[in-house]
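Below, each chain spelled out in residue letters.
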Amino acid sequence: MLSRKQKHILLKFFSLFSIVRGYNILVIVLAQYLTSIYILAPDLPLRKVLFDPNLLCLVFASAAAIAGGYIINSFYDSEKDIINRPNKTKLDRIVSQQTKLSGYFILNLISVFFASYVSFRAVAFFSVYIFMIWFYSHKLKKYPFVGNLVAAILAVIPFFAVFIYYRNFNHVIFVHATFLFLLISMRELTKDLENITGDLLQNYRTIPVVYGEKTSKQMLTALSVITLVPIALLLTRYEIGYMYLYFIGSILALVLFNFMLWKSSKKLHYIILHTILKLIIVIGVFSIVLLNIDLVLSRVV
């Protein structure tokens, strides 16, 4: 049996894990490594990529900066989250606001520390990234269009850290990035629909609050149609191995998403739609290995 103190420590751990979205960070770390192995540096030996200290430091710097971003976002959204996510907020509030702020500054220092191992440019890159996350959480997320655009850009930026490191400027990388950017933009707008009650009460001028649910749904449908452009390019112009199965599945998932979207009217409906988009993104991370399933075996030696 755990003692009362041990239970409290365990609860604090789960609270911190919830605040920093530990599961999201694990997926991002995996995505950075798989992207490096299969897309950015496909000609390098597997061991050289996996055990590259510079890449490891860039991944750690990204993870720490993102974790810090989730903390500062939770700090500023604490009142809104009481309305939108009451159960999650109960867990998150086990950690005090002061502890959150301390953790935020520590994580940012850790991010810059790891970046300093790579280069001064990496330090500048992550310093700007950290500032932009704070500025988004403090100001920009309350405004329509700008908040959604910046949120999507901030979600993609960690991949550009490794992209710049490997200096791979192949067009296919930008097409993949465009597909991811559009999916994240859809996810952000769906989150706004999901959180419309709290946003309205806390005076967040999101797209659903300012322009209404119908306009938001029209925008989501338009974004899903635009998403077909990078999918079509990847299927017809580039060699993507068995990953074509993932993109065909994505098309079917987006058709289902739109069918459900126009029948949605409650918070639960938007949570389901949000989950569909998250699944498309997460499955996409694991599907990177389908670009060349023999690649790892051929590079082990």
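Per chain, the residues get numbers from 1 upward, laid out in the order the sequence is written. Under the rules for a predicted model, residues below a pLDDT of 70 receive no local features and side-chain atom pairs below 80 are neither given nor counted, while totals for whole chains, interfaces and linings still include all residues. To obtain the side-chain values, all non-hydrogen atoms of the structure were used and water was disregarded.

1. Details of helix α7 (residues 97–118)
Under the scheme used here, helices are H or I runs from DSSP no shorter than 4 residues and strands are E runs no shorter than 2 residues, and both carry numbers assigned from the N terminus. Here the expected length of a helix is defined as 1.5 Å per residue gap, with one fewer gap than residues. Over its 22 residues, α7 extends 32 Å from the first C-alpha to the last, a length consistent with the 32 Å expected when each residue adds 1.5 Å. Exposure categories follow from relative accessible area, calculated using a 1.4 Å probe and restricted to protein chains: below 20% of the type maximum is buried, above 50% is exposed, and the middle band is partly exposed. Buried within α7 we find Lys100, Gly103, Tyr104, Leu107, Asn108, Ser111 and Ala115. One side of α7 carries all its buried residues, which in axial view fall inside an arc of 135 degrees. Exposed side of α7, more than 90 degrees from the buried face: Gln98, Phe105, Ile106, Leu109, Phe113 and Tyr117 are the residues found there. Note that the arc is computed from the directions linking the helix axis to the C-beta atoms.

2. Details of the packing of aromatic side chains
Pairing of aromatic side chains requires ring centres within 6.5 Å, counting the rings of Phe and Tyr and the six-membered ring of Trp. Pairs whose planes differ by under 30 degrees are stacked, by over 60 edge-to-face, and all others tilted. The full count for this structure, using the stated rule, is 15 aromatic pairs. With a centroid separation of 5.1 Å and an interplanar angle of 65 degrees, the aromatic rings of tyrosine 246 and phenylalanine 247 are classed as edge-to-face. Across the pair, exposure class does not vary: tyrosine 246 and phenylalanine 247 are buried alike. A ring is considered to have a charge above it if a Lys NZ or an Arg CZ atom is located within 6 Å of its centre and within 35 degrees of its normal. In this arrangement the basic side chain of lysine 142 is found over the ring face of tyrosine 204, its NZ or CZ atom lying 5.4 Å from the centre.

3. Concerning the environment of isoleucine 28
Here isoleucine 28 is to be found in helix α2 (residues 22–40). Counting along the chain gives 170 residues from isoleucine 28 to glycine 198, while the straight-line C-alpha distance between them is 28 Å.

4. Details of the environment of leucine 182
Positionally, leucine 182 belongs in helix α10 (residues 171–194). Along the chain, leucine 182 and asparagine 203 lie 21 residues apart, while their C-alpha atoms are 26 Å from each other.

5. A closer look at the pattern of salt bridges
In what follows, salt bridge is the name for a side-chain nitrogen of Lys or Arg lying within 4 Å of a carboxyl oxygen of Asp or Glu. Scanning the entire structure with this criterion turns up 3 salt bridges. A salt bridge links aspartate 77 to lysine 141; the nearest nitrogen and oxygen atoms lie 2.4 Å apart. Of the two residues, aspartate 77 is situated in the loop between α4 (53–76) and α5 (78–84) and lysine 141 in the loop between α8 (120–138) and α9 (146–166); the sequence distance between them amounts to 64 residues. Overall, lysine 141 belongs to the buried group, its relative accessible area being 12%. In this structure, glutamate 188 and arginine 187 form a salt bridge, with 3.1 Å as the shortest nitrogen-oxygen distance. Each of Arg187, Glu188 and Lys191 takes part in salt bridges that share partners, so that together they form one network.

6. With respect to the nonpolar core
What is meant by a nonpolar core is a set of buried Ala, Val, Leu, Ile, Met, Phe, Trp, Tyr and Cys residues, joined one to another through side-chain atoms within 4.5 Å. In terms of nonpolar packing, the biggest core is built from 50 residues, with Leu183, Phe247, Phe257 and Ile280 touching the most fellow members. Going through the elements one at a time, α2, α3 (46–50), α4, α9, α10, α13 (213–236), α14 (244–261) and α15 (267–287) are the ones with two or more residues in this core. Considering each element in turn, this core owes the most residues, 10 residues, to α10. The contact criterion used is simple: two residues touch if any of their non-hydrogen atoms lie within 4.5 Å. Not counting residues up to four positions away in its chain, the partners in contact with phenylalanine 257 are Met186, Thr190, Leu220, Leu273, Ile276 and Leu277. Core analysis: the second largest hydrophobic core is formed by 30 residues, Ala64, Ile66, Val95 and Ala115 among them.

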